Amino acid sequence: MAMFEGSFLGDNEKLSDDAARMECGICWEVYDPVLGDPVWQIAPGTPFSQLPEHWTCPNCDAPKHKFMVENA
């Protein structure tokens, strides 16, 4: 299975930057820790690595491991 270069594959240890914006590999929705996630009631300032395990993309319901570090 091919993986995107920025994919963290669900391993929070690979996320070195708590401020990293993460992008859904399915629908390209961006999780920005500065903003949090109002759909899931995730407070602003919450890093991606601290999201609950059951959290999914608020746009397409993709699981966390489908997200990759956004290349700005």
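Scroll up to find the structure this text is about.
Here we summarise the structure given alongside this text. Note that this is a predicted model, so its numbers are computed, not measured.

**A short note on the packing of aromatic side chains**
Applying the stated rule across the entire model yields 5 aromatic pairs. Here the aromatic rings of F48 and F67 are separated by 5.4 Å at their centres, their planes lie at 40 degrees, and the arrangement is tilted. Linking F48 in the loop between β2 (30-31) and β3 (67-69) with F67 in strand β3, this pair joins segments that are 19 residues apart in sequence. Both residues of the pair, F48 and F67, count as buried. In this structure an aromatic cluster arises from ring pairing among Y31, F48, W55 and F67. Above the ring of F48, the side-chain terminus of K64 is found at 5.5 Å from the ring centroid.

**Observations concerning the state of the cysteines**
This model, assessed by the stated rule, comprises 0 disulfides. No disulfide involves C27; its sulfur sits 3.7 Å from that of C57, the nearest cysteine. Of the residues examined, C27 reaches a relative accessible area of 24% and is grouped as partly exposed.

**As for unusual backbone geometry**
One non-glycine residue, Q41, adopts positive backbone phi at about 55 degrees. Residue position: Q41 is located in the loop between β2 and β3. Taking relative accessible area as the criterion, Q41 reaches 75% and is therefore assigned exposed. The phi torsion at D61 lies on the positive side, around 70 degrees, for a residue other than glycine. The topology assignment puts D61 in the loop between β2 and β3.

Scoring rules and cut-offs
Residues numbered from 1 in each chain as written. Predicted model: local features only at pLDDT ≥ 70, side-chain atom pairs only at ≥ 80, totals over all residues. Heavy atoms only, no water. Phe/Tyr/Trp six-rings, centres within 6.5 Å; stacked < 30°, edge-to-face > 60°. Helix = DSSP H or I, 4+ residues; strand = E, 2+ residues; numbered from the N terminus. Buried < 20%, exposed > 50% of the residue type's maximum accessible area, 1.4 Å probe, protein only. Lys NZ or Arg CZ within 6 Å of the ring centre and 35° of its normal. Disulfide = S-S within 2.5 Å.

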